[in-house]
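Chain and residue survey
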Amino acid sequence: MNMKTIRFIIYFGIFPALIHAQSFNFSESEIEFSTKWDTLIYRMDSNEGHLKLHTNKWLMCFLHWRPLTPENADVTPEYVREKLITFWGPNMAYFTLKEGEGEMEINGHRAYYVNGDFMGQVDTRFIIWNCEETQRQFIADLNINKLMGTPGIYLELQQMIAETVTCHCDFNQSAEGALTRFYRNDTLKIAFKAPSHWKTSIFETEIWYPEGPSAQSASLWTLSTTSEKQIDILWHKKENELNEKSIQSFFDRAVVENNLNYENIIIDSIYTFDNVFRFKGKYTLVKEDSLKERYSRFSNTHQFVGEAVEISGNIYFLVASIIKIDKVWGLKVDLPPDEKDYKDLLNHAREILNQTNKP
Ligand SMILES: [Zn+2]
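Attention here is on the structure that accompanies the text.

On to the nonpolar core, then. Residues Val80, Phe126, Ile128 and Phe138 are the most contacted members of the largest nonpolar core, which totals 43 residues. Setting aside its immediate chain neighbours within four residues, phenylalanine 126 contacts Val80, Lys83, Leu84, Tyr113, Val114, Gly116, Ile139 and Asp141. Core analysis: the next-biggest nonpolar cluster, separate from the first, contains 34 residues, Ile231, Leu234, Val305 and Ile352 among them.

Given below as C-alpha cells:
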C-alpha cells in the first residue's frame, strides 16, 4: 500500500467536503465523513500489514426551556452573556466569554447569541429567545469539545438545529440537507430537525426538574451516535482457505502479532455472500497503549461490522467500529448507532482499500 495514496485520500478527500460544508449546503454523509481521520497505525511489509484510521468528536446540543416571567422577559445581549456564564451554577463556574455575538430569528422570534469557552476545552454558544405564544424562554446551549478535535462545523450544525426549533404553531416541517431527522414531542410541545445519526433524549435531572420534565420546564440533549469511529484494514498472505474458523483465528492472531488493541472479542454472526465473509460483533478497546490519548473517556466498548476477502493471493480484513456509549455524566443515554452508520463506515473502509495500491 502506498503512503502517498493514503495521504491523498485523507487530506484531499476531506477538505473539499469541508469547504463545501461551510456554505451550509451539504448532505449528511458529506459532513459525517468530512471529519478528520487520523492514521494511528500504518505498517505494510511484504507479508502482512495494518492500517488503522480513527476519528473522534464530541458534541452536546442542549435545548432548555423555562417559564416566561417578568424577571426574564427582557432578552438582551447582556442577559445572554450573563446566562452563558452562570447557567450551570457555581460548580461549573469556568465559562468565559469569547468574541462573536449577534442576533437571529427563530420561529418568528428575535434571538440573541453569544460565544463562550469552558476551561479552554469546549466551545460553547448560547442562543436565547422568548416565546410569548407558549409563555416559555428557550436556551439553546451548544457545545463542541475542541480537545477531542471536534471540527467547528459541528457547532454551526447545532445552530442550524436551533434555527429549526418550532416552539409554537404546527410542527409542520420537512427534512432536508444535513438535517434529515425530525424530533417531535407533543407532551413537551417541541419539535426540531437534526442530523439522522444524532439522537435526542430528555435530560433528566432532579435538581432542575424535581417534578419531572414538562411543556413549561425541561431540557433535551441531542448527541451523536457516531462520535468515535475507527477502521482497521489488515492483510496477510493467504495461507489457508478462508472460512468461518479462520475469521475467529484471524482476530486472535491480529491481537498478538498486529497489536490490535481489542480484547473480549465476541463475533455475533458470520455469513458469506459472493465469496466475501461478513461478520459483526463487539470488543473492548484497550486504551493503555501509546494511542490512549486519542480515544474518548466515555466507553471502552465498540461494536463492529467487518468483512474478509481474498484479493490476488492476499487475505484482507476490514473492521469498521463505532463506540457504544450508554452513560454520560452517570446518566443513561440512548445512543445506539443505526445499521446504516455501520454500513456507511464499512463502505468507507472498502473505498480506502480500493483506492490504495494493494501490496
Ligand atoms: Zn414560539
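This part is about the pairing of strand S16 (residues 314-323). Taking burial as the measure, the ten residues of S16 include nine buried ones, the bulk of the element. Alignment of strand S12 (residues 228-237) against S16, held across nine bridges, turns out to be antiparallel. Within S16, the residue paired with histidine 236 across the bridge is isoleucine 315. Relative to S16, strand S15 (residues 301-311) runs antiparallel, the two sharing ten bridges. Within S16, the position partnered with phenylalanine 304 by the bridge is serine 321. Where S15 folds back onto S16 in an antiparallel hairpin, the turn is made up of two residues, including serine 312, whose phi is positive at roughly 45°.

For the rest of this paragraph, the subject is the sheet that holds strand S13 (residues 262-273). The strand order S1-S2-S12-S16-S15-S14-S13 describes an open sheet built from seven strands, whose pairing is antiparallel. Only two strands of the sheet have a single neighbouring strand rather than two, namely strand S1 (38-44) and S13. Between one strand axis and the next, the sheet turns through 15° on average, direction left out of account. Strands S12, S13, strand S14 (276-285), S15 and S16 of the sheet are contacted by helix H6 (residues 244-257), whose axis makes an angle of about 150° with S13. Against the sheet, helix H7 (residues 339-355) makes contact with S12, S15 and S16, and its axis sits at roughly 145° relative to S16, the strand it touches most.

Positive phi is not limited to glycine here, since asparagine 107 has a value of about 50°. The backbone phi angle of tryptophan 329 is positive, close to 55°, even though this residue is not glycine. Mapped onto the elements, tryptophan 329 comes out in the loop between strand S17 (327-328) and strand S18 (331-332).

Reading guide: rules and limits
Residues numbered from 1 in each chain as written. Predicted model: local features only at pLDDT ≥ 70, side-chain atom pairs only at ≥ 80, totals over all residues. Core = buried A, V, L, I, M, F, W, Y, C linked by C-beta atoms within 7 Å. Buried ≥ 20, exposed ≤ 12 C-beta atoms within 10 Å, placed from the backbone. Contact = placed C-beta atoms within 7 Å. Helix = DSSP H or I, 4+ residues; strand = E, 2+ residues; numbered from the N terminus. Pairing = 2+ DSSP bridges. Axes fitted to C-alpha atoms, helices over the stretch in contact; angles between N-to-C directions.

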